Amino acid sequence: MVKNEEFLRKDKVIGIIKIENMLSGRIFLVKSTDVVKDYSRIRFSLDLGTFENSSLEEDYTKTGLELFDIALDAEADDEKSLDALLEERKKHYSFLRKDFYL
């Protein structure tokens, strides 16, 4: 399930995008300095079969978009805070015992 309304905003959004396999529960977090642009890049590379994480790409190819949720996970105040925000979100999902695509 893709939450498209989050990616239709006109203002430039900086933050973390979460890609979640709804079947397995595994997640992949992506830092983004432009969420709208990166959402398009992610979808394009997944559909093309060239996504940066081969395990996620393999699952996506097997199951299709319908079983994946691509959403804005958290907004950052600025680009400098992205690394800290990514680490915070990783800790959050680790606490929830989520599996990550490595």
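These lines cover the structure that appears in this document, whether it is placed above or below. Computed from a prediction, not measured in an experiment: that's the story for all the values here.

About the criteria used
Residues numbered from 1 in each chain as written. Predicted model: local features only at pLDDT ≥ 70, side-chain atom pairs only at ≥ 80, totals over all residues. Heavy atoms only, no water. Helix = DSSP H or I, 4+ residues; strand = E, 2+ residues; numbered from the N terminus. Rg over C-alpha atoms; globule rule 2.2 N^0.38 Å. Buried < 20%, exposed > 50% of the residue type's maximum accessible area, 1.4 Å probe, protein only. Pairing = 2+ DSSP bridges. Axes fitted to C-alpha atoms, helices over the stretch in contact; angles between N-to-C directions. Contact = heavy atoms within 4.5 Å. Phe/Tyr/Trp six-rings, centres within 6.5 Å; stacked < 30°, edge-to-face > 60°. Arc of directions from axis to C-beta. Polar contact = N/O pair within 3.5 Å; in protein donor to acceptor, adjacent residues only side chain to side chain.

## Structural notes on the overall build of the protein chain
Per the secondary structure count, the protein chain includes 3 helices and 3 strands. N-terminal to C-terminal, the α/β element order of the protein chain is β-β-α-α-β-α. In terms of overall dimensions, the protein chain is globule-like: its C-alpha atoms have a radius of gyration of 13 Å, near the 13 Å expected for 102 residues. For the protein chain, the spread of C-alpha atoms along the principal axes amounts to about 35 × 30 × 20 Å. Counting the 102 residues in the protein chain, one finds 43% classified as buried.

## Points about the pairing of strand β1 (residues 15–21)
Burial within β1 is extensive, with 7 of its 7 residues counted as buried. Summarising the sheet, β1 and strand β2 (residues 27–32) pair through 6 bridges and their orientation is antiparallel. Paired with Ile19 across the bridge in β2 is Phe28.

## Examining the sheet that holds strand β3 (residues 68–75)
Spatially, the 3 strands line up as an open sheet ordered β2-β1-β3, and their pairing is antiparallel. Single-partner strands in this sheet number two, and they are β2 and β3. In this sheet, adjacent strand axes meet at a mean angle of 25° when their direction is disregarded. Along the sheet face, helix α1 (residues 35–48) touches β1, β2 and β3 and points at about 30° away from the line of β1.

## Quick look at the packing of aromatic side chains
Inspection of the entire model under this criterion finds 2 aromatic pairs. Taking 5.5 Å as the distance between ring centres and 75° as the angle between the ring planes, the aromatic pair formed by Phe28 and Phe51 counts as edge-to-face. Here Phe51 lies in the loop between α1 and α2 (54–63) and Phe28 lies in strand β2, a separation of 23 residues in the sequence. Among the residues examined, Phe51 registers a relative accessible area of 6% and is labelled buried.

## Concerning unusual backbone geometry
Residues other than glycine seldom take positive phi values, yet Arg97 does so here, at roughly 65°. Mapped onto the fold, Arg97 is located in the segment after α3 (82–95). The class of Arg97 is exposed, set by a relative accessible area of 75%.

## Topic: α2
An α-helical turn contains 3.6 residues, so a residue and the one three or four places further along point in the same direction. When α2 is considered as a whole, its buried residues turn out to be Leu56, Glu57, Asp59 and Tyr60. Burial along α2 is one-sided: seen end-on, the buried residues are contained in an arc of 165°. Exposed residues on α2 whose side chains face more than 90 degrees from its buried face are Ser54, Thr61 and Lys62. Where the residues of α2 are buried, they touch β1, β2, α1 and β3. Between a side-chain oxygen at the N-terminus of α2 and the backbone nitrogen of Ser55 the separation is 3.2 Å; the capping residue is Asn53. Trailing α2 by a residue or two, Gly64 shows a phi angle of about 90°, which is positive.

None of the figures reported here should be taken as evidence of function without further support.
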